[in-house]
Amino acid sequence: MSDITRNAMIAITGRPNVGKSTLLNALVGDKISVVTNKPQTTRGRIRGVVNRGDTQLVLLDTPGFHKPHTKLGDYMVGVVRESVADTDAAVLVVEPIPNVGTQEAELIERFRAAGVPAVLAVNKIDTVRKDALLEVTAAYAEAFGFAAIVPVCAKSGEGLPELTAELAKFAAPGPELFPGGMTTDQPDKSVVAEIIREKLLICLDREVPHGTAVEIAKFSERDSEIIDVEATIYCEKQSHKGIIIGKSGAMLKKIATMARLDAERFMGTKVYLQIWVKVRENWRDNADALRGLGFGEK
Ligand SMILES: Nc1nc2c(ncn2[C@@H]2O[C@H](COP(=O)(O)OP(=O)(O)OP(=O)(O)O)[C@@H](O)[C@H]2O)c(=O)[nH]1
Ligand SMILES: [Mg+2]
């Protein structure tokens, strides 16, 4: 029997690249959401679970809130809107910059419209002097009645116990939603697809990786120690396919090796990974292709 008697569902929101996924992973204590130094890394809603005493917090990582230019972008922004409307509270993650940006102002409007309370997490405090934080805090305190303002460093873990304590205050009596040490609701198969996409973002330049999607065609346990995975990377152009595969296949080999090592660490088994690359022109603006790749109506 678990000791959980309270729960809260909390959306982690903010503009692209502020460190939402890094924060989720740090709070959960497991790498369940991919992180890169490029904006628009996260595309869907990823749930992470934190148990603290009698309270279970279900945290939703969301895509960075931005002005969409493609149907995929529309989908990503839609995920943020729904996540805010569906939750008990939200975290607004911001850079330590002393003014409220357009995306932040829009998200604050969403909190107001949905009547959702919010905590401000000022992230990346390792990059500024302590006295500069006062200005950041003042600018945001003026824009919205945040339930709390917590300076954090998602990278080092500084401020995270304080943030968790603030989030636990939103919990209401209720059952354990995710049992027995589960850290995410993402199936292993989806995590492996995301790991491959993370490596594409890390190894390749801007336009190429942003136009990729990863589909897992086969995911089967050969025995208790080996999992066979076959993945397809879809890209937007023939020229992109050449870049992804690289000279004599060198780039694809590098991506596959990095992804395999991470997948093995995540699942605690050996992974036999095969990857194909296919062109699907303009898929980010094609409703059928988007649905097929899991970015459909929610
Ligand atoms: N210096 C510093 N960098 C950080 C911190 N937290 C995150 N980062 C870096 O910020 C970059 C973006 O991190 P992500 O967690 O992918 O950001 P995100 O908000 O999830 O981005 P999207 O999914 O694109 O919206 C990565 O290079 C992180 O390593 C921090 O506390 N300090
Ligand atoms: Mg992210």
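Caption draft 1: Expanded view of the overall build of the protein chain. Check the secondary structure of the protein chain and you find ten helices and ten strands. Its C-alpha atoms give the protein chain a radius of gyration of 20 Å, within 12% of the compact-globule value 19 Å for 298 residues. Across its three principal axes, the protein chain shows a C-alpha extent of roughly 55 × 45 × 40 Å. Residues classed as buried in the protein chain amount to 40% of the 298 residues present. A sequence separation of at least 24 residues applies to 69% of the contacts in the protein chain between residues at least 6 apart.

Caption draft 2: Highlighting the site of ligand 1. Taken together, 24 residues lie near ligand 1, and Gly19, Ser21, Thr22, Thr42 and Gly64 sit nearest. Here the shell around ligand 1 is composed, by residue class, of seven nonpolar, 13 polar and four charged.

Caption draft 3: Quick peek at the sheet that holds strand 9 (residues 226-235). Taken together, the three strands give an open sheet; going across it, the order is 8-9-10, and neighbouring strands pair in mixed fashion. The outermost strands of the open sheet, each flanked by one partner alone, are strand 8 (213-223) and strand 10 (270-279). Between one strand and the next, the sheet's axes are offset by a mean angle of 15°, whatever the strand orientation. Helix 8 (residues 238-245) contacts strand 9 and strand 10 of the sheet and is inclined by roughly 155° relative to strand 10. Against the sheet, helix 9 (residues 250-267) engages strand 9 and strand 10, with an angle of about 140° to strand 10.

Caption draft 4: Molecular detail of the nonpolar core. Ranked by internal contacts, the top residues of the largest apolar core, which has 77 residues, are Ile10, Ala90, Ala118, Ala121 and Ile196. Setting aside chain neighbours within four positions, we find Ala118 in contact with Ala89, Ala90, Val91, Leu92, Phe111, Phe144, Phe146 and Ala147.

Caption draft 5: Seen up close, the environment of Thr257. Position of Thr257 among the secondary structure elements: in helix 9. Sequence spacing of Thr257 and Ile196 is 61 residues, and the spatial spacing of their C-alpha atoms is 9.8 Å.

Caption draft 6: Local environment of helix 2 (residues 71-86). The terminal C-alpha atoms of helix 2 lie 22 Å apart, and with 16 residues this matches the ideal 22 Å at 1.5 Å per residue to within 8%. Considered for burial, the residues of helix 2 that qualify are Leu72, Tyr75, Met76, Val79, Val80, Ser83 and Val84. Residues of helix 2 that are buried make contact with strand 1 (6-13), strand 3 (55-61), strand 4 (89-94), helix 3 (102-114) and helix 10 (287-292).

Caption draft 7: Summary view of the domain arrangement of the protein chain. Per the domain assignment, the segments of the protein chain are domain 1 (6-173) and domain 2 (188-292). Every contact between the two is made by eleven residues of domain 1 and, on the other side, 13 residues of domain 2. A per-class count over the side of domain 1 that touches domain 2 returns four nonpolar, four polar and three charged.

Caption draft 8: Representation of the pairing of strand 6 (residues 148-151). Pairing analysis gives four bridges linking strand 5 (residues 118-122) to strand 6, with the strands arranged parallel. Bridge pairing in strand 6 places Ala121 opposite Val150. Tracing the backbone out of strand 5, into helix 4 (residues 132-143) and back to the parallel element strand 6 gives a crossover that is right-handed.

Caption draft 9: Looking closely at the environment of Glu198. Tracing the backbone shows Glu198 in helix 6 (residues 188-203). Note on Glu198: 24 C-beta atoms within 10 Å, which makes it buried. With near-sequence residues (within four places) excluded, Glu198 lies in contact with Val34 and Thr36.

Caption draft 10: Quick peek at the environment of Pro175. Summarising the element assignment, Pro175 is placed in the loop between strand 7 (172-173) and helix 6. Among the residues examined, Pro175 registers 11 C-beta atoms within 10 Å and is labelled exposed. When the C-alpha positions of Pro175 and Thr5 are compared, they lie 5.6 Å apart, and in sequence the two are 170 residues distant.

Caption draft 11: Representation of the pairing of strand 1 in the model. In terms of burial, strand 1 is a largely internal element, six of the eight residues being buried. For strand 1 and strand 3, the ladder comprises seven bridges, and the chain directions are parallel. Each bridged residue has a counterpart across the sheet, and for Ala8 the counterpart in strand 3 is Leu57. Looking at chain direction, strand 1 and strand 7 are connected through two bridges and run antiparallel. Its bridge partner being in strand 7, Asn7 is matched across the sheet by Ala172.

What counts, and where the lines are drawn
Residues numbered from 1 in each chain as written. Chains lettered and ligands numbered in written order. Predicted model: local features only at pLDDT ≥ 70, side-chain atom pairs only at ≥ 80, totals over all residues. Helix = DSSP H or I, 4+ residues; strand = E, 2+ residues; numbered from the N terminus. Rg over C-alpha atoms; globule rule 2.2 N^0.38 Å. Buried ≥ 20, exposed ≤ 12 C-beta atoms within 10 Å, placed from the backbone. Contact = placed C-beta atoms within 7 Å. Near = placed C-beta within 6 Å. Nonpolar A, V, L, I, M, F, W, Y, C, P; charged D, E, K, R; others polar. Pairing = 2+ DSSP bridges. Axes fitted to C-alpha atoms, helices over the stretch in contact; angles between N-to-C directions. Core = buried A, V, L, I, M, F, W, Y, C linked by C-beta atoms within 7 Å. Expected span 1.5 Å × (residues − 1). Domains from an automatic or database assignment. Right-handed = clockwise from strand over helix to strand, strands pointing away.

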